[in-house]
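Spelled out from the first residue to the last, the chains are:
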Amino acid sequence: MATVAEGLEPEAAATGDAAGAAAVDAGPGAAPLLAGKQLSLDLYPAGCQRLLHLCAQPSQLLQVEFLRLSTHEDPGLLEAALARVPAHLPRLRSLVLKGGQRRDKLGACLPGTLTSLPAGLSGLGRLAHLDLSFNSLQTLPACVPHMRGLDALLLSHNRLSELPEALGALPALTFLTVTHNRLRALPVALGALSTLQRLDLSENLLDSLPAAIGGLSRLSELNLASNALQSVPASLARLRCLRLLVLHSNRLTSVPADLAGLPLLTQLDLRDNQLRAVPPELLDASFVRLQGNPLGEAPAASPSPPGTPTDPEMPRLLLTSDADSFPVTPWGCSVTLARGVRLLFPAGATTAPVTIHYQLWPPRPGLVSLGPHDSLLSSVLELRPHGLTFWQDVSLWLLVVPPRTRLCREVVVRTRSDGSWSDLETFLEEEAPKRLWARCQVPHFSWFLVVLRPVSNACLVPPEGTLLCSSGHPGVKVTFPPGATQEPRHVSMQVLRMAGRELRALLGEPEAAVSPLLRLSQSGPTPFLRPVTVQLPLPPGLTGLDLDRSRLHLLHRAPPEATWDDITAAVALEVTHLYARFQVTHFSWYWLWYTTKARVGDLARKAWERLRLHRVNLIALQRRRDPEQVLLQCLPRNKVDATLQRLLERYRGPEPSDTVEMFEGEKFFAAFERGIEVDADRPDCVEGRICFVFYSHLKNVKEVYVTTALDREAQAVRGQVSFYRGSVPTEVPEEAEAARQRKGADALWMATLPLKLPRLRAPKGRGQGASLSLAPLNLGDAENGFLTQANLLSVAGRLGPDWPTVALHLGLPYRELQRIRHAFRDDLDGQIRHMLFSWAERQAGQPGAAGLLVRALEQSDRRDVAEEVRAVLDLGHRKYQDSIRRTGLAPEDPPLPGPPASQALA
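These figures come from a predicted structure and were not determined experimentally. (Residues numbered from 1 in each chain as written. Predicted model: local features only at pLDDT ≥ 70, side-chain atom pairs only at ≥ 80, totals over all residues. Heavy atoms only, no water.)

(A) Broad picture of unusual backbone geometry. Between arginine 384 and the following residue, proline 385, the backbone shows a cis peptide bond with an omega angle of 5°. For histidine 180, which is not glycine, the phi torsion reads 55° and is therefore positive. Note on placement: histidine 180 falls in the loop between β10 (175-177) and β11 (198-200). (Helix = DSSP H or I, 4+ residues; strand = E, 2+ residues; numbered from the N terminus.)

(B) A look at the side chain of serine 838. Position of serine 838 relative to the elements: it lies in helix α14 (residues 828-842). The class for serine 838 is buried, based on a relative accessible area of 14%. (Buried < 20%, exposed > 50% of the residue type's maximum accessible area, 1.4 Å probe, protein only.)

(C) Spotlight on the sheet that holds strand β38 (residues 574-575). With antiparallel pairing, 5 strands are arranged side by side in an open sheet as β30-β31-β35-β39-β38. A single partner strand is all that each edge strand has here, and the edge strands are β30 (466-469) and β38. Inspection of the sheet shows strand β35 (residues 532-537) paired to strand β39 (residues 579-584) by 6 bridges, in the antiparallel sense. Considered in β39, the bridge of glutamine 535 is made with arginine 581. (Pairing = 2+ DSSP bridges.)

(D) Representation of the sheet that holds strand β50 (residues 717-725). Strand order across the open sheet formed by 5 strands is β47-β48-β45-β50-β51, with antiparallel pairing between neighbours. Looking at strand neighbours, the two that pair on one side only are β47 (685-686) and β51 (749-757), the edges of this open sheet. Taken together, the 8 bridges between β50 and β51 define a ladder with antiparallel strand orientation. Within β51, the residue paired with valine 717 across the bridge is leucine 757.

(E) Fine view of α14. The terminal C-alpha atoms of α14, which comprises 15 residues, lie 22 Å apart, in line with the 21 Å expected from a rise of 1.5 Å per residue. Listed in full, the buried residues belonging to α14 are Gly830, Gln831, Ile832, Met835, Leu836, Phe837, Ser838, Trp839 and Ala840. (Expected span 1.5 Å × (residues − 1).)

(F) Layout of the pairing of strand β24 (residues 409-417). Where β24 meets strand β28 (residues 447-454), 7 bridges bridge the pair, whose relative direction is antiparallel. Bridge pairing links valine 413 to valine 450 in β28. In the sheet, β24 pairs with strand β25 (residues 420-424) via 5 bridges, with the strands oriented antiparallel. For threonine 415, the partnering residue across the bridge sits in β25 and is serine 422. Between the end of β24 and the start of β25, which pair antiparallel, lie 2 residues, with aspartate 418 showing a positive phi angle near 55°.

(G) Just the state of the cysteines, in detail. Applying the stated criterion across every chain, the model contains 0 disulfides. The thiol of cysteine 685 is unpaired, and the distance to the nearest cysteine sulfur, on cysteine 691, comes to 9.8 Å. (Disulfide = S-S within 2.5 Å.)

(H) Geometry of the packing of helix α11 (residues 789-799) against α14. Here α11 crosses α14 at 140°, and the two axes come no closer than 9 Å. Overall, the two elements α11 and α14 adopt an arrangement that is oblique. By crossing handedness, the relation of α11 to α14 is classed as right-handed. Residues Gln789, Leu792, Leu793, Val795, Ala796 and Leu799 of α11 form the contact with α14, whose participating residues are Ile832, Arg833, Met835, Leu836, Phe837 and Ala840. Residue composition of the contact of α11 with α14, by class: 10 nonpolar, 1 polar and 1 charged. (Axes fitted to C-alpha atoms, helices over the stretch in contact; angles between N-to-C directions. Parallel < 35°, antiparallel > 145°, perpendicular 65-115°, else oblique. Left-handed = near helix turned anticlockwise from the far one by under 90°. Contact = heavy atoms within 4.5 Å. Nonpolar A, V, L, I, M, F, W, Y, C, P; charged D, E, K, R; others polar.)

(I) Region of interest: the pattern of salt bridges. Tallied over the entire structure, the rule returns 19 salt bridges. Aspartate 374 is the salt-bridge partner of arginine 414, the closest N and O atoms lying 3.1 Å from each other. Pair noted here: arginine 414 is in strand β24 and aspartate 374 is in the loop between β20 (354-361) and β21 (375-376), with a separation of 40 residues, a long-range link. Aspartate 374 shares its class with arginine 414; the two are buried. (Salt bridge = Lys/Arg side-chain N within 4 Å of Asp/Glu carboxyl O.)

(J) Representation of the pairing of strand β22 (residues 380-384). Within β22, 5 of the 5 residues are buried, which leaves it mostly tucked inside the rest of the structure. Judged from the 5 bridges that link them, β20 and β22 form a sheet pairing that is antiparallel. Looking across to β22, one finds that tyrosine 358 is bridged to leucine 383. Note that β22 and β28 share 2 bridges and pair antiparallel. Each residue of the ladder has a partner; that of glutamate 382, found in β28, is tryptophan 447.

Encoded structure:
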């Protein structure tokens, strides 16, 4: 029911016609606050002060209909700002005063400071939507029952212990959510809300319901989950419009048989109650869920211990992409999340019901921890509440991209705990050649990701000493003598091998050779009390009988410094027939080189970087039906041909760029130049540049819409997109300069690819259709994603002859379709655009419009277009979340303390 509780915010966030957008400055140097009819001050620090500043310009606030304000403010300042609202925002339709945008150290949302509302807010005669969620309300503010025009009231996550009888006097209320409060009883007057359609009272302390609840004649959704109900009144059977009734996780011992007679009921959730018998009418119904009930069992002689399952069949949850939480009970459950995540909570893992929240984050350097030679194989999974522990081990499966080779490399799940990252014991399960699951036991709830790393061998060194060997390279050993440590300490090793041909190409020396690269680490910085012996195999092709000792160099690197030092003269290097041995008292990186070159340390640094580099190509393609839509991608060289073969049916563009070398996790930018620019603001857009982070096993692809300020009716616009490391230069590089930079190994410029926006031609139409003007509009809302004018044009360009079927599923009458055909008799594109945009303009400000379009496309058997629309909406939702986190009001607790830059680059 979480989606029901949030379902009305899209209406409140809709901005209407984007063409009429205006901007108001909060003060000198401040960002614009007001766009169109929406004033979003929850995205800014000191939002109350900004509101008071704007009230000094009352003429600019008269048109505001939507106001969002964070309640993480000083209570006195918040009350003063709200007291000014009725006088300066007389047309206000939606008021959102939400807390929960800040989190504590465990990731839990912090409530806002709001405890009451000024009495003057009752004078907001046009107010239809009021959201007071995630605050500290103990009683409902007295002004709320006087807001006679309220259509939606959201009170979730407060401290309400009761609701007033006066609440029943709201004549227009259709949606009410009071979830996650402390309600013990409901007012009788609640049954007088004859217009109420959706009611969410889950996660409270209700032990009974008033019989008057049967008077909610228009109620279609009722959620009473996770309360203490022992029975429900028979009057529920009078709710003839009821479609969804959720009663799971209560103490019900029986339910009325008349519920089976509700004509529209499609789901009745009775899981995890104490039902021992169910009316046959309900027992045989397919829409009833009964897992977790002791049906048919005799009463137990003594109560079972907490967490003991009573139903042998474990509940299975399959969550869609729009869900962000799920419940877990003492009976356990198996959960499949969207985008390749599975969780198994065994019976007894928890002694009380708990709600788990999850989110998949796109990887970025501040959130991803990678070693110098690691590769990322997945997005970042966040599970909350952070630090949550269970009585039984919880299993986690993450779907990863199978790497090309796992020779001397291993796949591990990495998690964050106590401010640092650690690797979990991981098992691989292959379902198909291209489906690989990484499974582990989750010790806590935090952030999780999957990496491919060099094989790591570890052991616990006791005071009496031990031997550590590499499983991938048997010749690499570390011997710990007795007395090397007083307390047991953990040590680990990783070994990497460099191909001989790469080394010879780098040095230009046929006889050059290197041993495997050895990385040793330990718990704690304390040196060993006695020297530890390290054994490395001699470089390939050499033996102790024929090598020239003057050409053998032992190199050492101590992070975070990136220099390699020649320590051959500082250690006693013992050379046998096959191996070289030396002694150390602390751990770092070690490498044997055989070369005649001087300054071996500089050569080792270049070779070490070569081990970490990936050879990639950059592509920029334009959609054939919509040239303004540009696909940008960074691909490993071996995947370019197959990817282009798949994309060129829908896209066209220049040949890929020349090969470029990049590090795992390296940041780079795509800048549009010579008259072309990004069409809209994006969370990954910095001063007109699209920001990328390269991960060799992920897609590294983005689709953006571009525009131009040049006159496309006169001629086509020939621009370009250039890719840069770091900052973009102020001047566009000329071809000669670009060719010169291409030769530099550390050049910021990487590639430039041409783009062409074709000349615009006036649409061919007759009558009134010839002058049809498609006004700019945004269909949707900021939180759930917009469909822009460019998106709708893309949809129109792909519908073709199927447009009448889509129009009928959108609800357009057949007579309107006939009028469109007549107005655009010889112009199929004009018919489609007129139908789609005229429908979209009528949907302005309506909740669920974008979802209606997706359903209409699916019902018309155009799932290909529906999937693209879903992808655009999902991108918009992520953009909204990222924009909030960038403001600092929703702090990035874990990402901000991330690993040092040297570790994040990998």
